[in-house]
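# Close look at the chain arrangement
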Amino acid sequence: QVQLVESGGGLVQPGGSLRLSCAASGSIFSIYAMGWFRQAPGEQREFVAEITDLGRTSYADSVKGRFTISRDVAKKTVYLQMNSLKPEDTSVYYCKMTIKTGFWVREYDDWGQGTQVTVSS
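Anyway, here's the lowdown on the structure attached to this text. Keep in mind it's a predicted model, so treat the numbers as computed, not measured. (Residues numbered from 1 in each chain as written. Predicted model: local features only at pLDDT ≥ 70, side-chain atom pairs only at ≥ 80, totals over all residues. Heavy atoms only, no water.)

### Quick look at the overall build of the protein
Defined as follows: Strands are runs of DSSP state E lasting at least 2 residues, helices are runs of H or I lasting at least 4, and numbering of each runs from the N terminus. Computation of the radius of gyration draws on C-alpha atoms, with the globule rule given as 2.2 Å multiplied by the number of residues to the power 0.38. The contact definition used throughout considers only heavy atoms, calling two residues in contact when any of these lie within 4.5 Å. Surface exposure here means Shrake-Rupley accessible area, sampled with a 1.4 Å probe, where a residue is shielded only by the protein chains that are shown. All tallies of charge rest on Lys and Arg as positive and Asp and Glu as negative; His and the ends of each chain are not included. Lys charges are placed at NZ, Arg charges at CZ, Asp charges at CG and Glu charges at CD.
Broken down by element type, the protein carries zero helices and 11 strands. Overall, the protein shows an N-to-C arrangement of helices and strands of β-β-β-β-β-β-β-β-β-β-β. What you see for the protein is a C-alpha radius of gyration of 14 Å, in line with the 14 Å of a compact globule of 121 residues. The long-range share in the protein, meaning contacts at least 24 apart out of those at least 6 apart in sequence, stands at 55%. Summed over all atoms, the accessible surface of the protein reaches about 6700 Å², with 48% contributed by carbon and sulfur. A gap of 5 Å separates the mean positions of the 13 positive and 12 negative side-chain charges of the protein.

Next comes the structure, spelled out in structure tokens:
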């Protein structure tokens, strides 16, 4: 069984910074893409950033230049450094990893439990 555990959320003032972490554990053969999504109350979950197994990154237009996704392959951990935070960044942030649990097993998407980020003065 695989678990994704997120940390690093909290309350921050506009213009401030936070760093989210998401660590995977359990029976993992390989991890492909790692990413972050967010969901505000009453809104659909939206893409924030992704890093592939080749290290290629992509970002939503709304966070480009402010957020940076990175990973530690050995620790099976993905990070999201969030700078210049705005009130509209307030959401629950979820990590997602595309995982294989065995060589002959098809990959699937697993999600973290979510961590609240609130940007307010």
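Next comes the rest of the description.
### Looking at the state of the cysteines
Quick reminder of the rule: Working definition: a disulfide is two cysteine sulfur atoms within 2.5 Å of each other. Buried residues are those whose accessible area, probed at 1.4 Å on protein chains only, stays under 20% of the maximum for their type, while exposed residues exceed 50% and partly exposed ones sit between those limits.
Under the defined criterion, the tally for this structure stands at one disulfide. Shown here is the disulfide that connects Cys22 with Cys95, its sulfur atoms set 1.9 Å apart. With Cys22 in strand 3 (residues 18–26) and Cys95 in strand 9 (residues 91–100), this pair connects stretches of sequence that are 73 residues apart. An identical accessibility class is assigned to Cys22 and Cys95; each is buried.

### Topic: the pattern of salt bridges
Selection criterion: Think of a salt bridge as a Lys or Arg side-chain nitrogen and an Asp or Glu carboxyl oxygen that are within 4 Å of each other.
Inspection of the entire model under this criterion finds five salt bridges. The salt bridge involving Glu46 is made with Arg38; its shortest N-O contact spans 2.6 Å. We classify Glu46 as partly exposed; its relative accessible area is 37%. Arg38 sits in the buried class, given a relative accessible area of 5%. Taking the shortest distance from any N to any O, the salt bridge between Arg66 and Asp89 comes out at 2.7 Å. With Arg66 in the loop between strand 6 (57–59) and strand 7 (67–72) and Asp89 in the loop between strand 8 (77–82) and strand 9, the pair connects residues that are 23 residues apart, well separated along the chain. Residue Arg66 is classed as buried on the basis of its relative accessible area of 11%.

### Things to note about the sheet that holds strand 7
Cut-off, in case you're wondering: DSSP-based pairing: two strands are paired if at least 2 bridges between them are found. Convention adopted: a line fitted to C-alpha atoms gives each axis, helices being fitted over their contacting stretch, and angles between N-to-C directions are expressed from 0 to 180 degrees.
One open sheet accounts for four strands, arranged 1-3-8-7; its pairing is antiparallel. The open sheet has two edge strands with one neighbour each: strand 1 (2–7) and strand 7. Going from strand to strand, the sheet's axes swing by 15° on average, the running direction of each strand aside. The pairing of strand 7 with strand 8 spans six bridges and is classified as antiparallel.

Remember that the coordinates give geometry; whether it matters functionally is a separate question.
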